[in-house]
Amino acid sequence: MQKKHKHQVLVTGSFAQEGLRKLHEACEVDLLEKPSAEELPDVIKKYDALVICDDTEVNEEIMSAGERLKLIAKMGPDLHRIEIDKATERGITVLHVPERSVISTAEHVMALMLLLARRLPQARSTLKGGGWQKDKHIGVELYGKTLGIVGLGRSGGEVAKRARAFGMHLKAYDPYIPASQAEKLGLDFCGWQETLETSDFISFHVPRSSATKDMIGSEELQLMKRGIRLINCSHAGLINEMALFDAVKEGRVAGAALDEVEDSTEQNPLLQLEEVVITPGLSAFSREAEIKAAVQTGEQVMQALDGEPVSTAVNAPALPPEMLTEVKPFIPLLETMGSFYMQVFGGRIEEVAITYSGKIADYPFRPLTTAFLTGMLGVILGREVNYVNAGLIAEQRGIQVKEVSSKHSATFNNLVAVHVRTEEGTHTLAGTLFENNIIRLVQIGEYRLEVAPSRYMLVTRHIDKPGVVGKIGNILGDTTIASMRLGRSRIGGEAVMVLQVDSPVSREALEKISKMEPILFVSFVEL
């Protein structure tokens, strides 16, 4: 029998037996069902690792009580009940295994696609009502139809493989992936409008963000073929539900399958439509996915406790103690820069070159570069990206990463300048830390300015003319503009402006702003 290590592991919630068996190979394991907030601080003292399979909250008090606690592992969709920053401060590694499977998602998409194509929900409803009407429920074949795949990540790629087996023509739209990747999968890589106008079925595979909120509204539905069928197994809110209801009632949309909806109550009018199939967030979950996640969690916990590298860590990589104090403040700067860059410039990225100037040139670059990649790729892939896998994902996407150092900085004690080359061109973003580690962006594109990033920002490139801010304010209506920063080359020339706003900006407002005469480009940023 394999000798067990002395690691003590506490598991809360329901954990598949396969995962428990894996943990028992090397650890002493105790189970605790639904621990209370008062109970856990007393219980946690003797454990090296805490595995959470429910909604147990792990706050600073519990971490402080965990005198031996080195590791927290979360199995399931959300991390918001774990104070990750506090864990990082205490040197506690946080692992996350989302219990999701791209195979399960792809199979769910194909199942829903077949349901819509063959009108099976309607046929079943008629049969339950005592009818037997074949003519009323004749469907269509998938063979020879065009499937548009929006978002060519892992799940989108798996759907493409299965749809090809059905003899479907495949088109893909993804603003972040090079055309070569689509070609490897045998897809016709095309633009957004072409995907909407030429597809018979469209399947969505994009992360939840402000950019994908109401991604499909009345205008987009009008562009689609009459008789389009839509499958959304990404997240609720991607398709505007009232616009979809109207389009189905008008007969423009022949069917829609949604794995989540914003309003799951019986008041949702979509539930009245037999052409709309709604499932309660089942797409990425299956018995196999649950077992795989439990086994993976067990393996990752053992590896982490033994000091081996793990692929599911979500907090910053460990640094030598002598470097931690100096480097740690720059990690939020780089992650902010990565997210800001992608939301403003976007594009299909070929190369990321980061120049570290000043005192920061003496620090290890890897955790800082990883932080930038995590912020940048997180805009595209959401929670799939973490500090451990960001570099690998960049490599898989064909993104070259370069690091350059210079101990001299003409303007700041420390400066980070990022030059990103895409298929469309090269863009620059620079940032630094002011006193008390306050983040400042000091260059956007060609323009120098000073921006304190806030949660919501509106970024424009425009011709510098009087009255631009006032006109934008009129369009924003009740959304308050908190501050404005401007960078320009000359009076009356091109300029970049960053407006800090107090709430999200709607797509309708962004569209109106983009049509203003002096506006060359506008983007909404949410950090």
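Details of the structure are given in the entry above.
Residues numbered from 1 in each chain as written. Predicted model: local features only at pLDDT ≥ 70, side-chain atom pairs only at ≥ 80, totals over all residues. Heavy atoms only, no water.

A.B. asks: Help me understand the side chain of Thr-279 in this model?
C.D. replies: Along the chain, the position of Thr-279 falls in the loop between strand E12 (276–278) and helix H12 (287–305). A polar contact is formed between the side chain of Thr-279 and the side chain of His-108, at a distance of 3.2 Å. In this structure, Thr-279 is in contact with His-108, Leu-112, Leu-258, Asp-259 and Glu-260, ignoring residues within four places of it in sequence. (Helix = DSSP H or I, 4+ residues; strand = E, 2+ residues; numbered from the N terminus. Polar contact = N/O pair within 3.5 Å; in protein donor to acceptor, adjacent residues only side chain to side chain. Contact = heavy atoms within 4.5 Å.)

A.B. asks: Is there a simple way to think about the packing of helix H5 (residues 102–117) against helix H7 (residues 154–165) in this case?
C.D. replies: Packed helices, taken two at a time, are described by their axes: the angle between them and the distance between them. Where H5 contacts H7, the axes come no closer than 8 Å and their chain directions differ by 50°. Viewed along their axes, H5 and H7 adopt a mutual orientation that is oblique. Here H5 runs over H7; the crossing is right-handed. Packed against H5, whose contacting residues are Val-102, Ile-103, Thr-105, Ala-106, Glu-107, Val-109 and Met-110, the element H7 presents Arg-154, Ser-155, Glu-158, Val-159, Arg-162 and Ala-163 at the interface. Taken together, the residues that form the contact of H5 with H7 break down as 7 nonpolar, 2 polar and 4 charged. (Axes fitted to C-alpha atoms, helices over the stretch in contact; angles between N-to-C directions. Parallel < 35°, antiparallel > 145°, perpendicular 65-115°, else oblique. Left-handed = near helix turned anticlockwise from the far one by under 90°. Nonpolar A, V, L, I, M, F, W, Y, C, P; charged D, E, K, R; others polar.)

A.B. asks: Would you explain the nonpolar core in this entry?
C.D. replies: If you look at the biggest cluster of nonpolar residues, it comprises 48 residues, and the most contacted ones within it are Phe-340, Val-352, Phe-372, Met-376 and Val-416. In this structure, Val-352 is in contact with Phe-372, Met-376, Ile-399, Gln-400, Val-401, Lys-402, Val-418, His-419 and Val-420, ignoring residues within four places of it in sequence. (Core = buried A, V, L, I, M, F, W, Y, C linked by side-chain atoms within 4.5 Å. Buried < 20%, exposed > 50% of the residue type's maximum accessible area, 1.4 Å probe, protein only.)

A.B. asks: For this particular structure, what's the right way to read empty space enclosed by the protein?
C.D. replies: In this approach, a probe sized like a water molecule rolls over the atoms, and the result shows the empty space that is left. One pass over the structure, following the stated rule, counts 1 cavity of 30 Å³ or more. The volume enclosed by the largest cavity comes to roughly 40 Å³. Every residue along the wall of the largest cavity is listed here: Asn-232, His-235, Ala-236, Gly-237, Leu-238, Ile-239, Glu-241, Leu-258, Glu-260 and Val-261. Looking at the lining of the largest cavity residue by residue, the class counts come to 5 nonpolar, 3 polar and 2 charged. (1 Å grid on protein atoms, 1.4 Å probe; cavity = no way out; pocket = protein on both sides within 12 Å on 5 of 7 lines; lining within 4 Å. Points joined across faces, edges and corners; volume = space filled by probe spheres on them.)

A.B. asks: Explanation requested: the environment of Ile-138 in the structure shown.
C.D. replies: Residue placement: Ile-138 occurs in the loop between helix H6 (120–128) and strand E6 (146–150). Each C-alpha atom of the pair Ile-138 and Leu-120 lies 9.4 Å from the other, and the pair is 18 residues apart in sequence.

A.B. asks: For this particular structure, what's the right way to read the sheet that holds strand E17 (residues 438–444)?
C.D. replies: Whenever strands of a sheet pair, they do so through backbone hydrogen bonds, lying parallel or antiparallel. Pairing within the open sheet is mixed, and its 6 strands lie in the order E14-E13-E15-E16-E17-E18. With one partner strand each, in any of the chains shown, strand E14 (400–406) and strand E18 (447–451) form the two edges of the open sheet. Taken over all neighbouring pairs, the strand axes of this sheet differ in orientation by 20° on average, direction set aside. As defined by bridge partners, E17 adjoins E18 across 3 bridges and the pair is classed as antiparallel. When the sheet's bridge partners are listed, Gln-443 is paired in E18 with Arg-448. The strands touched by helix H14 (residues 330–344) within the sheet are strand E13 (349–358), strand E15 (414–422), strand E16 (426–434) and E17, with E16 carrying the most contacts at an inclination of about 150°. Running over the sheet, helix H15 (residues 366–381) touches E13, E14 and E15 and is turned about 140° from E13. (Pairing = 2+ DSSP bridges.)

A.B. asks: Would you explain the environment of Val-505 in this entry?
C.D. replies: Counting through the fold element by element, Val-505 comes out in the loop between strand E21 (494–501) and helix H18 (507–514). Taking C-alpha positions, Val-505 is 8.7 Å from Met-457, a pair spaced 48 residues apart along the chain. Dropping the residues within four chain positions of it, Val-505 is found in contact with Leu-458, Leu-476, Leu-510 and Phe-524.

A.B. asks: Help me out: how do you make sense of the pairing of strand E2 (residues 28–32) in this one?
C.D. replies: Looking along a regular strand, one sees the side chains alternate between the two faces of the sheet. Bridge count for strand E1 (residues 8–13) against E2 is 5 bridges, and the pairing is parallel. Looking across to E2, one finds that Val-11 is bridged to Leu-31.

A.B. asks: Hey, could you run me through unusual backbone geometry in this one?
C.D. replies: Phi is mostly negative for residues that are not glycine, and the peptide bonds are mostly trans. At Arg-119, a residue that is not glycine, the phi angle is positive and equals roughly 55°. One can find Arg-119 in the loop between H5 and H6.

A.B. asks: Where do I start with the state of the cysteines in this structure?
C.D. replies: Each disulfide is one covalent bond, formed between the sulfur atoms of two cysteines. In the structure shown here, the tally under the stated rule is 0 disulfides. In this structure Cys-27 is a free cysteine whose sulfur lies 14 Å from that of Cys-53, the closest cysteine sulfur available. (Disulfide = S-S within 2.5 Å.)

A.B. asks: I'm lost on the packing of aromatic side chains in this one. Help?
C.D. replies: Given two aromatic rings, one states the distance between the centres and the angle between the planes to describe the pair. For the structure on display, the rule yields 6 aromatic pairs. Summarising the aromatic geometry, the rings of Tyr-173 and Trp-192 are spaced 5.2 Å apart at their centres and angled 50° between planes, so their arrangement reads as tilted. Within this pair, whereas Tyr-173 is found in strand E7 (residues 169–173), its partner Trp-192 is found in helix H9 (residues 192–198), the two being separated by 19 residues in sequence. Residue classification places Trp-192 among the partly exposed residues on the basis of a relative accessible area of 22%. Here the aromatic rings of Tyr-456 and Phe-524 are separated by 6.0 Å at their centres, their planes lie at 20°, and the arrangement is stacked. Linking Tyr-456 in strand E19 (residues 456–463) with Phe-524 in strand E22 (residues 519–526), this pair joins segments that are 68 residues apart in sequence. The burial state of Tyr-456 is the same as that of Phe-524; both residues are buried. (Phe/Tyr/Trp six-rings, centres within 6.5 Å; stacked < 30°, edge-to-face > 60°.)

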